[in-house]
Amino acid sequence: MTDAATLALVGKPNCGKTALFNRLTGARQKVANYAGVTVERKEGRFTTPGGRGWRILDLPGAYSLQATTPDEVVTRDVLLGTQAGEAPPDGIVFVVDATNLALNLRMVLEVTRLGRPMLVALNMIDVARRRGIEIDVPRLSQRLGVPVIETVAVRAGGEQALLAALESFRPVAAAPSAPAPLPSPEALAREVRAIVADCVREPARDQTVTERLDRVLLHPLVGPLVLGVVLFLVFQAVFGWAQVPMDLIEAGVGWCGEQVRALLPAGMLQSLLVEGVIGGTGSVLVFLPQILILFFFILALEESGYLPRAAFLLDRLMGSVGLSGRAFIPLLSSFACAVPGIMATRTIQNPRERLVTIMIAPLMTCSARLPVYTLVIGAFVPERTVGGLFNLQGIVLFVLYVAGVASAMAVGWAAKRLGARDRIQPLLMELPDYHWPHVRSLAIGLWERARIFLARVGGIILSLMILLWFLSSFPAPPPGATMPPITYSLAGQIGRALEVVFAPIGFNWQISIALVPGLAAREVAVGALGTVYALSQSGDDISASLAPLIAQTWGLPTALSLLAWYVFAPQCISTLGVVRRETNSWVYPLAMAAYLFALAYLASFITYRVALALIA
Amino acid sequence: MSSSVAPARDVPTLRSLQKGQSATIADLRTADTAAVDEHLRRLRELGFLPGEQVRVVARGFPAGDPIAVRIGHATFALRGFEADLILLAPVARS
């Protein structure tokens, strides 16, 4: 398809543009970045029934060619042909929300002035008709000077008319000429009003379903209550539903390990494959169900239009720590894994706010902390019921979660106090109309997330696992060695050296060693402890065998100190890696590592000393 | 077309509109900084123009900030100081 022409898909956010893109391209999409910026570039391919092949670029949603966010800058630059690495598109498909023509037409008029071949896709025409809105399409087409095609992106076959129109669409690969000068906003507004008055008939506006729902969901008391319930249900689902798939994956990884062990003779290669490669990928894969389930809910809530309402309700609270409601979604995602959470900060326009959100995202209790928390709580917290209803172990876990959120807010607040006197940022956020999430978009969105997560995280973690395997296996123990092999390796030597540093906070040499491979990813520490204590099981078995061992040898202050350490410590190379990508600099990941380790040490120190004093 | 006269003290702004109330936009304030100017332009682009009807759908808790307003067929959330930029004609019954 070397001669496939390129279409640019343009529109404001929430007009169904991405649904249309998904319907046209299916899974034939490629996600990357625009040159030099951290804005997502989505390209896909499709063929019309008549056999014409097209490439299509889903440009970031924009309200205007007068760009205010990095996303909008990219859209403007691509359309004008000034974006680095992008040829100007051969044709433009402008997606318009038929239920709100007035808001959408303004930018349509802006873009028509570029003089590029253009089609308007009048999307959500079904919703408009349901509301009694009648649009004279031929007349609209005549007033705009471009073809206007009705589409229903969420329905199968809803793109047929567009495909038919594209058969005869003549894009011209002309050099972009300077756009016609833009009239003043008032004149443009007058023109839009005139066109709408001419082409649109609608019944008198009474309260829509959205408004009625918003009265409840944005109510100062009911709203937060509903939000709390929704969040609670989501977390219940994430932890409840994920159990079975996680067990399946662990079993699968264990099975693979067994097969390799049976096939290969014992030795370096077997060890590398079983412990390094399979063990390494296994420890990443086992979290995929939780991440996918959490993202399923996040995407569904986003599709339904509810997430901006959550941002509205939390805006005041987040404002107290120098953020806005927009930071809610990235921070929520960070409960699954900070990597996609930090990537989601691209939607935050204000650079300072975005940076602070990135810096506190790792404090959100991510799913990788669970194996460590589970191990220590299982070993040291008795299985008791408190108040006849609450499991003591569950309570401690909940406290750790709250500690994560509280520390994030504290750091945010500190950043706000220490930072320059920033003028209050405007919010101006659209709350799109509610609609049912579309299964197809959800499926494609989840597939994308899974792919990105596995590719990026799996890549880094896998290589690091292998590296750390080397560090933990060489040099080999001398003959007649009495300690576990790992103590003689490079990792062991580093750990023993670190023990000097960690002794004041109660970590013995086993813990100190385990923290070294534990730098790759938080969950690795459990496996590393197993290795140090010379255990050879995997997964849950390690926890079960380790728990009594550490219960006997550590002591409660050490256990609590380790928990406090894990609330803060950046034991995750992937997070630091993605921070480097998103900030385009080494300063921020290093600063993040420094401040998090400092907080971790402080918290561990206080916890250890206080616990020691209380017990004595 | 936008006025360059500072509004009188008692001109109602969107910030003072109560939940459920409707009003007609009279004008937008003039900008005193470049940042505010850019923000005013964005407000106009989104349809906050003289003559348009706005209705307050919800107000935040506890200080009534941010404010969710319905304008045309869209709903937007604004901070108090943003809503203060939008001057209203004397308030109509909702």
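From a predicted model like this one, the values you see are computed outputs, not experimental measurements. (Residues numbered from 1 in each chain as written. Chains lettered and ligands numbered in written order. Predicted model: local features only at pLDDT ≥ 70, side-chain atom pairs only at ≥ 80, totals over all residues. Heavy atoms only, no water.)

## Section: the nonpolar core
Residue and element names in this part refer to chain A. For the record, the criterion: Joining through side-chain atoms within 4.5 Å is the link that ties buried Ala, Val, Leu, Ile, Met, Phe, Trp, Tyr and Cys residues into a set, and such a set is a nonpolar core. Relative accessibility thresholds used throughout: buried, under 20% of the residue-type maximum; exposed, over 50%; partly exposed, between the two (1.4 Å probe, protein chains only). The numbering of helices and of strands both runs from the N terminus, where a helix is a DSSP run of H or I of at least 4 residues and a strand a run of E of at least 2. Contacts were defined at the residue level, with two residues in contact if any of their heavy atoms lie within 4.5 Å.
Core analysis: the largest hydrophobic core is formed by 107 residues, its most contacted members being Leu323, Leu331, Phe507, Ile550, Trp554, Trp565 and Tyr566. Among the elements that line this core, the one with the most residues is helix α12 (residues 288-304), at ten residues. Once residues within four sequence positions are removed from consideration, Leu331 is found in contact with Met318, Leu323, Thr357, Ile360, Ala361 and Met364. Ala62, Phe94, Ala98 and Val146 belong to the second largest nonpolar core, which has 41 residues in total.

## Considerations on the pattern of salt bridges
Close approach of charged atoms allows side chains of opposite charge to pair. All names here are of chain A. Short version of the rule: Think of a salt bridge as a Lys or Arg side-chain nitrogen and an Asp or Glu carboxyl oxygen that are within 4 Å of each other.
One pass over the full model with this rule turns up 26 salt bridges over all chains. We note a salt bridge from Asp198 to Arg143, for which the minimum N-O separation is 2.8 Å. Taken as a pair, Asp198 in helix α7 (residues 185-199) and Arg143 in helix α5 (residues 137-144) lie far apart in primary sequence, 55 residues in all. One connected set of salt bridges, linked through shared partners, spans Arg41, Glu43, Arg55 and Glu86.

## Quick look at the side chain of Glu52 of chain B
Selection criterion: The definition of a polar contact used here is a pair of N or O atoms within 3.5 Å, where within protein one atom must be able to donate a hydrogen and the other to accept one, and adjacent residues in sequence count solely through side-chain atom pairs.
In this fold, Glu52 of chain B is placed in the loop between α1 (34-45) and β2 (53-59). In this structure the side chain of Glu52 of chain B is engaged in a polar contact, spanning 3.3 Å, whose partner is the side chain of Arg193 of chain A. Here Glu52 of chain B is in contact with Arg193 of chain A together with Ala23, Thr24, Ile25, Gly47 and Ile71 of chain B, once residues within four sequence places are set aside.

## Some points on α12 of chain A
What counts here: Between the first and last residue of a helix there are one fewer steps than residues, each counted as 1.5 Å, and that sum is the expected span.
Look at α12 of chain A: 24 Å from first C-alpha to last across 17 residues, which is about the 24 Å you get at 1.5 Å a residue. Count one or two residues on from α12 of chain A and you reach Gly305 of chain A, which has phi positive near 95°.

## Quick notes on the packing of helix α16 (residues 351-360) of chain A against helix α26 (residues 587-615) of chain A
Residues and elements named next belong to chain A. The cut-off we apply is this: To obtain each axis, a line is fitted to C-alpha atoms, and for helices this fit is confined to the stretch in contact; angles are then taken between N-to-C directions over 0 to 180 degrees. Note on angle classes: values under 35 degrees are labelled roughly parallel, values over 145 roughly antiparallel, values of 65 to 115 roughly perpendicular, and the remainder oblique. In this scheme the crossing of two helices becomes right-handed for a clockwise turn of the near helix relative to the far one and left-handed for an anticlockwise turn of less than a right angle.
Running from N to C, α16 and α26 cross one another at 45°; their axes reach a closest spacing of 10 Å. In terms of axis orientation, α16 runs oblique to α26. In this structure, α16 crosses over α26, and the sense of that crossing is right-handed. Only Tyr588, Ala591, Met592 and Tyr595 of α26 make contact with α16, whose side of the interface consists of Leu355, Ile358, Met359 and Ile360.

## Describing the pairing of strand β4 (residues 53-58) of chain A
Residues and elements named next belong to chain A. Our working rule: Strands were regarded as paired on the criterion that DSSP finds at least two bridges between them.
With five bridges connecting them, strand β1 (residues 5-10) and β4 associate as parallel partners. Its bridge partner being in β4, Ala8 is matched across the sheet by Leu57. Two elements, strand β3 (residues 40-47) and β4, share six bridges in a ladder whose sense is antiparallel. Bridge pairing in β4 links Lys42 to Asp58. Between β3 and β4, which pair antiparallel in sequence order, lie five residues; one of them, Gly51, sits at a positive phi of approximately 100°.

## What about the interface of chain B and chain A?
When the parts come together, some accessible area is lost, and that loss is often what is quoted as the size of the interface. Selection criterion: The quantity reported as buried area is the accessible area (1.4 Å probe) lost by two parts once they are put together, taken as the sum for both. For this classification, the nonpolar set comprises Ala, Val, Leu, Ile, Met, Phe, Trp, Tyr, Cys and Pro, the charged set comprises Asp, Glu, Lys and Arg, and every other residue, Gly included, is treated as polar.
At the interface, 39 residues of chain B touch 40 residues of chain A. Counting the surface lost from both chain B and chain A, the interface buries some 3,600 Å², and carbon and sulfur atoms represent 58% of this. Three residues, Arg42, His73 and Arg79 of chain B, lead the burial of chain B against chain A; their summed loss comes to 20% of the area buried on that side. Summed over the shared surface of chain B and chain A, the number is six salt bridges. Between Asp315 of chain A and Arg79 of chain B there is a salt bridge, and its shortest N-O distance comes to 2.7 Å. The interface formed by chain B and chain A holds 14 residue pairs in polar contact (both at pLDDT 80 or more) in total. Elements with a contribution of two residues or more to the side of chain B that touches chain A: α1, β2, β3 (67-71), β4 (74-78) and α2 (80-83) of chain B. Classifying every residue of the side of chain B that touches chain A gives 20 nonpolar, six polar and 13 charged. Sheet topology places strand β12 (residues 429-431) of chain A next to β4 of chain B; three bridges connect them, and they run antiparallel. Residue pairing for β4 of chain B: Met429 of chain A is matched across the bridge by Ala77 of chain B.

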